[in-house]
Amino acid sequence: MGLCVSVARPPNGVYVLKSTVEMRAFINILKKFRGYATTLITLYINSERPMPDVLNLLRSEWSTASNIKDKTTRTHVQDTLERIINNLKGEAKAPENGMAVFAGFHMINPGNYEWVYYVVVPPQPIYTFKYICDTAFHTEILEDQMKSSVAYGIIVIERGEAVLAVLRGGQWEVIKTVEFFVPSKHSAGGQSANRYKRQTEHLAEVFYKVVAEEANKVYLSMPALKGLIVAGPGPTKEDFLEEGGLDYRLKEKVLAVVSACCANEYGDTEAIRNAEEQLKETEYVRAKELMDRVMYYAVKKSEYMVYGREKVLRAMEMGIAEVVVVAEELGEDAVLDIVMRGDSKGVKVEVVPKGVEESKTLVQAFGGYVALLNTPAWVLEQEASAAQS
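All of these numbers come straight from a predicted model, not from anything done at the bench.

On a plain count of helices and strands, the protein chain comes out with 13 helices and 14 strands. Computed over the C-alpha atoms, the radius of gyration of the protein chain is 27 Å, more than 25% above the 21 Å expected from 2.2 N^0.38 for a compact globule of 389 residues. Taken along the three principal axes of its C-alpha coordinates, the protein chain extends 90 × 65 × 40 Å. Residue burial in the protein chain is summarised as follows: out of 389 residues, 49% are buried. Sequence-distant contacts in the protein chain: of pairs separated by 6 or more residues, those separated by 24 or more amount to 74%. Working note: accessible area of the protein chain is about 18,800 Å², and carbon and sulfur atoms make up 49% of it. Mean positive and mean negative side-chain charge positions of the protein chain (45 and 52 charges, respectively) differ by 2 Å.

Right, let's talk about the sheet that holds strand S11 (residues 305-307) for a bit. The strand order across the open sheet formed by four strands is S11-S14-S12-S13, and the pairing between neighbours is mixed. Where the open sheet ends on each side, the last strands, each with one partner, are S11 and strand S13 (348-352). Averaged over all pairs of adjacent strands, the angle between strand axes in this sheet comes to 20°, irrespective of strand direction. Here five bridges tie strand S12 (residues 321-327) to S13, and the two strands are oriented parallel to one another. Bridge pairing in S13 places Val325 opposite Glu350. Helix H9 (residues 283-300) contacts S11, S12, S13 and strand S14 (369-373) of the sheet and is inclined by roughly 115° relative to S12.

Under the domain assignment, the protein chain is made up of domain 1 (14-147), domain 2 (151-281) and domain 3 (284-387). Summing the contributions of domain 2 and of domain 3, the shared interface buries around 860 Å²; its carbon and sulfur component is 56%. Joining domain 2 to domain 3, the criterion identifies zero salt bridges. At the junction of domain 2 with domain 3, the criterion picks out two residue pairs in polar contact (both at pLDDT 80 or more).

Moving on, we come to the confidence of the model for the protein chain. The pLDDT averaged across the protein chain works out to 87; a share of 90% of its residues lies at or above 70. When pLDDT is averaged over each helix and strand of the protein chain, the minimum, 67, is found for helix H13 (residues 378-388) and the maximum, 97, for strand S2 (residues 40-45).

An order of S1-S4-S3-S2-S5 is seen for the five strands of this open sheet, with the pairing classed as mixed. A single partner strand is all that each edge strand has here, and the edge strands are strand S1 (13-16) and strand S5 (130-134). Each strand axis lies, on average, 15° off the axis of its neighbour in the sheet, ignoring direction. Running over the sheet, helix H3 (residues 71-88) touches S2, strand S3 (99-109), strand S4 (112-121) and S5 and is turned about 145° from S3. Together, S2, S3, S4 and S5 form the strand contacts of helix H4 (residues 140-147), whose direction differs from that of S2 by roughly 50°.

Before going further, it helps to spend a moment on the environment of Ala37. Positionally, Ala37 belongs in the loop between helix H1 (20-30) and S2. Between the alpha carbons of Ala37 and Val77 there is a distance of 9.9 Å; along the sequence they are 40 residues apart.

Moving on, we come to the packing of aromatic side chains. Evaluated as defined, the whole model comprises 14 aromatic pairs. Note on Phe33 and Phe137: the rings are 6.0 Å apart at their centroids and 75° apart in plane angle, and the pair reads as edge-to-face. In this pair, Phe33 sits in the loop between H1 and S2 while Phe137 sits in the loop between S5 and H4, placing the two residues 104 residues apart along the sequence. Ring geometry for Trp115 and Tyr117: centres 6.2 Å apart, planes at 15°, overall stacked. Judged on exposure class, the residue Trp115 and its partner Tyr117 are both buried. Members of the aromatic cluster, each reached through a chain of ring pairs, are Tyr15, Phe26, Phe33, Tyr44, Phe102, Tyr118 and Phe137. The ring of Trp115 is capped by Arg83, whose NZ or CZ atom sits 4.3 Å from the centre of that ring. It is Lys301 that lies over the ring of Tyr304; its NZ or CZ is 5.5 Å from the centre.

Rules of the game
Residues numbered from 1 in each chain as written. Predicted model: local features only at pLDDT ≥ 70, side-chain atom pairs only at ≥ 80, totals over all residues. Heavy atoms only, no water. Helix = DSSP H or I, 4+ residues; strand = E, 2+ residues; numbered from the N terminus. Rg over C-alpha atoms; globule rule 2.2 N^0.38 Å. Buried < 20%, exposed > 50% of the residue type's maximum accessible area, 1.4 Å probe, protein only. Contact = heavy atoms within 4.5 Å. Areas by Shrake-Rupley, 256 points an atom, 1.4 Å probe, with all protein chains shown as cover. Lys, Arg positive; Asp, Glu negative; His and termini not counted. Charge placed at Lys NZ, Arg CZ, Asp CG, Glu CD. Pairing = 2+ DSSP bridges. Axes fitted to C-alpha atoms, helices over the stretch in contact; angles between N-to-C directions. Domains from an automatic or database assignment. Buried area = accessible area lost by both parts, 1.4 Å probe. Salt bridge = Lys/Arg side-chain N within 4 Å of Asp/Glu carboxyl O. Polar contact = N/O pair within 3.5 Å; in protein donor to acceptor, adjacent residues only side chain to side chain. pLDDT = per-residue confidence, 0-100. Phe/Tyr/Trp six-rings, centres within 6.5 Å; stacked < 30°, edge-to-face > 60°. Lys NZ or Arg CZ within 6 Å of the ring centre and 35° of its normal.

See the structure below:
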């Protein structure tokens, strides 16, 4: 049996996750735990499942576990089931989005075990009831939720090049690039001018159809696709929509046609920026707007802002932090630690995803932590001076 190690983690307890960023961080931590044999228990409970039924199943599993021959495995499984039962029996029912229980004894090394107990309430509903006993926690249902979260397609097209991307949660990624030779428009001389123009227009139409075929394959396979942004320089984007053969179901989902410099990652970010009004509900755009607010405070209201972990934590402790902003790049341990502290203090915590360009500014300029205050920052300095004297 391989040697396991101690895992840096947030305290045992109940976590109500508000975004895919927080859920991704939690999943990464859960994946690090390992049990002695099949002793880690994963339990998914949908909101419709009566809690008495859940408890009856767990009691039945406890009885079945008495037949396990290996003493350590039997003890760990039965002890874990008892603790889950004791924690759940006071619950009338699962939350509206359901809940996932991850419990058991993580093996630091043979003979050295650490109790792990997390209840996760995800940002999207759990629709199934599932009990699993294994050497590791099963996070597949939570991962599937992230994959199936609302998505937006982004098509950036210019003459002879196109990029198909998807924006989901706080991140976007390129799914497909298309290249096709289309001659540039220029004035051909003599009698060949009209023929050259017709050939160029024909090649452009073929290119539009190739892009449309790829877009139909990519986006029609996404059941969670909420909308489509079409972007590019000049009239190319409009020509594509008119002549490209994009499936009518996708045309109905076009939210905006906006300008973008070019068919690459810069064009994608420009398309998202120019369609912010249509994408304002996405985590990505909300994070960019949040960072705009942070930069406004840094320039115009610096006395109502502190940054760096220690000052932010002190502002939270004193109750003067209105909003705390933390970078996902700091890692899941740091993110979940600050989210947990915010929940306990009633402070709103916002996590800026790695995929947002401004997240680098948050890390490099502010150490990854910012607190926007409801009281001037000098209160913190005054309190620090009083503590030293």
